[in-house]
Amino acid sequence: MRGFKNLLGRKKEDDVEFDIAGIGNAIVDILTRVNDNFLEKQEMIPGSMSLIDAKRVKALKSLIKPEKQMSGGSVANTCFVAALMGAKTAYLGKVADDTVGKRFAEDIQQGGVYFPSTPLKSSLHPNLYTARSIIFVTPDGQRTMNTYLGACTQFTPDDVDEDVISHAKITLLEGYLFDGELAQKAFYQAADISHKAGRKIALSLSDPFCVKRHLVQFKDFVSNHVDMVFANQFEICALYETEDLEKAIQNASQDIPIAVITCGEKGSVILANSERIEVASVPTVVVDTTGAGDAYVAGFLAGWTTDRTYAECGRLGSVVAAEVISHVGARPLPELKEVMNF
């Protein structure tokens, strides 16, 4: 892991301790490969994320043999990958004080991510465990997630570390976390802290179904509190209530200072400073799309925090995303330094 440090080269600023701070659902990912028939029998929508309870977790785990387990959650993945690229990252997320929670903390810290969050006390919340997501990967590389949120639902404004947020160039918020009312309040608090310190706030929309569940709140937050939005084509269309991608892009350009929209193999579109920049995807063999968007954001922000051009930020995002989807799991393999071509 140390081999990736300072891949981009760092710039010192006296009052900046972190390039990227992240807030999201702290989840342990459990990955396994299945065929399409499995999803059909389990009545799962391919490519979706469904919220499940602890009983369902146990039932699904009895049907599979996990291939990989690692600390995860969308923004946690982004912070981990960005740290591998040399960015100084911090992450805030709620785990329980159980074995899985300890595993999450150890794993993300070993990746170079500062993780100061206080775990949820099991004595006070005996029926809430550290979150986990069972991810089913089909032969086409698509991932279908079944997520038990557990301790994540207890992330509150008290968990927003003011010192971390005020000393990070940009704070990335995870749309998935928006499902909780207390977490929504935490988002507004984080945005207020960041902006008062002269920093920036970014939001990953995470999932079109999540956007639709909280459409009014998302629109308010995006329009009034966010400097940068990351979304795929389906998420941005959900935000602007249209099936026309070009219309959604046009709305985003008028509504958001910086919008970054990924379109799978068609590449990505960056809207910034009245410019529209189109970035090609990087050809690769798709094995597992888990974490593709998270990796893209990591590459983009690692570039942005080192003053790269938007085109170069997009290229970095595309390269890292291509590497991640070429194997199972949301983490880059050791060959990342070579494929980054620095």
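The structure displayed is predicted, hence computed values, not measured ones.

Take the overall build of the protein next. Scanning the protein for helices and strands turns up 13 helices and 14 strands. Radius of gyration (C-alpha) of the protein: 18 Å, near the 20 Å computed for a compact globule of 342 residues. Along the first, second and third principal axes, the C-alpha set of the protein runs to 50 × 45 × 40 Å. Within the protein, the fraction of its 342 residues that count as buried is 58%. In the protein, 75% of the contacts between residues at least 6 apart in sequence involve partners at least 24 apart. Carbon and sulfur atoms form 49% of the exposed surface of the protein, whose accessible area is close to 15,000 Å². Taking the average place of the 35 positive charges on the side chains of the protein and the average place of its 44 negative ones, the gap between the two points comes to 5 Å.

Spatial ordering of the open sheet is given by E3-E8-E7-E2-E4, a layout of five strands whose pairing is mixed. Because the sheet does not close on itself, it has two edges, and the strands there are strand E3 (49–51) and strand E4 (68–72). Here the average twist between neighbouring strands, direction ignored, is 20 degrees. Across five bridges, the pairing between strand E2 (residues 27–33) and E4 is antiparallel. Opposite Leu 31, over in E4, you have Lys 68 as the bridge partner. Contacts from helix H2 (residues 54–61) reach E2, strand E7 (131–137) and strand E8 (143–148), with the element oriented near 40 degrees to E7. Here helix H4 (residues 99–110) sits on the sheet in contact with E2, E4 and E7, set at roughly 75 degrees to E4.

On to the pairing of strand E11 (residues 228–232), then. With four of its five residues buried, E11 lies for the most part within the structure. Of the strand pairs in this sheet, strand E10 (residues 200–204) and E11 are connected by three bridges, and their pairing is parallel. Directly across from Ala 202, in E11, lies its bridge partner Met 228. Judged from the five bridges that link them, E11 and strand E12 (residues 258–262) form a sheet pairing that is parallel. Bridge pairing in E12 places Val 229 opposite Ala 259.

Applying the stated criterion across every chain, the model contains 13 aromatic pairs. Ring geometry for Tyr 129 and Tyr 148: centres 6.5 Å apart, planes at 45 degrees, overall tilted. Residue Tyr 129 is found in the loop between strand E6 (113–114) and E7, and its partner Tyr 148 is found in strand E8; the two are separated by 19 residues along the sequence. With a centroid separation of 5.9 Å and an interplanar angle of 40 degrees, the aromatic rings of Phe 187 and Phe 221 are classed as tilted.

As for its position among the elements, Asn 37 is in helix H1 (residues 36–41). On the basis of relative accessibility, which here comes to 49%, the residue Asn 37 falls in the partly exposed class.

Next up on the list: the pairing of strand E1 (residues 18–23). The element E1 is extensively covered by neighbouring structure, given that six of its six residues are classed as buried. Alignment of E1 against strand E9 (residues 168–174), held across five bridges, turns out to be parallel. If you follow Ile 23 over to E9, its bridge partner there is Leu 173.

Burial within helix H3 (residues 74–84) is extensive, with eleven of its eleven residues counted as buried. Turning to H3, its buried residues number three or more, namely Ser 74, Val 75, Ala 76, Asn 77, Thr 78, Cys 79, Phe 80, Val 81, Ala 82, Ala 83 and Leu 84. Count one or two residues on from H3 and you reach Gly 86, which has phi positive near 105 degrees.

The next thing to look at is the confidence of the model for the protein. Mean pLDDT over the protein: 89, with 90% of residues reaching 70 or higher. Ignoring residues within four places in sequence, the model shows residues 1–7, a span with pLDDT below 50, making 22 contacts including any to other chains.

The next thing to look at is the pattern of salt bridges. Evaluation of the coordinates by the stated rule reveals ten salt bridges. Arg 308 is the partner of Glu 312 in a salt bridge, and the nearest nitrogen-oxygen pair spans 3.7 Å. Linked through salt bridges whose partners overlap, the residues forming this network are Glu 246, Arg 276 and Glu 278.

Criteria and cut-off values
Residues numbered from 1 in each chain as written. Predicted model: local features only at pLDDT ≥ 70, side-chain atom pairs only at ≥ 80, totals over all residues. Heavy atoms only, no water. Helix = DSSP H or I, 4+ residues; strand = E, 2+ residues; numbered from the N terminus. Rg over C-alpha atoms; globule rule 2.2 N^0.38 Å. Buried < 20%, exposed > 50% of the residue type's maximum accessible area, 1.4 Å probe, protein only. Contact = heavy atoms within 4.5 Å. Areas by Shrake-Rupley, 256 points an atom, 1.4 Å probe, with all protein chains shown as cover. Lys, Arg positive; Asp, Glu negative; His and termini not counted. Charge placed at Lys NZ, Arg CZ, Asp CG, Glu CD. Pairing = 2+ DSSP bridges. Axes fitted to C-alpha atoms, helices over the stretch in contact; angles between N-to-C directions. Phe/Tyr/Trp six-rings, centres within 6.5 Å; stacked < 30°, edge-to-face > 60°. pLDDT = per-residue confidence, 0-100. Salt bridge = Lys/Arg side-chain N within 4 Å of Asp/Glu carboxyl O.

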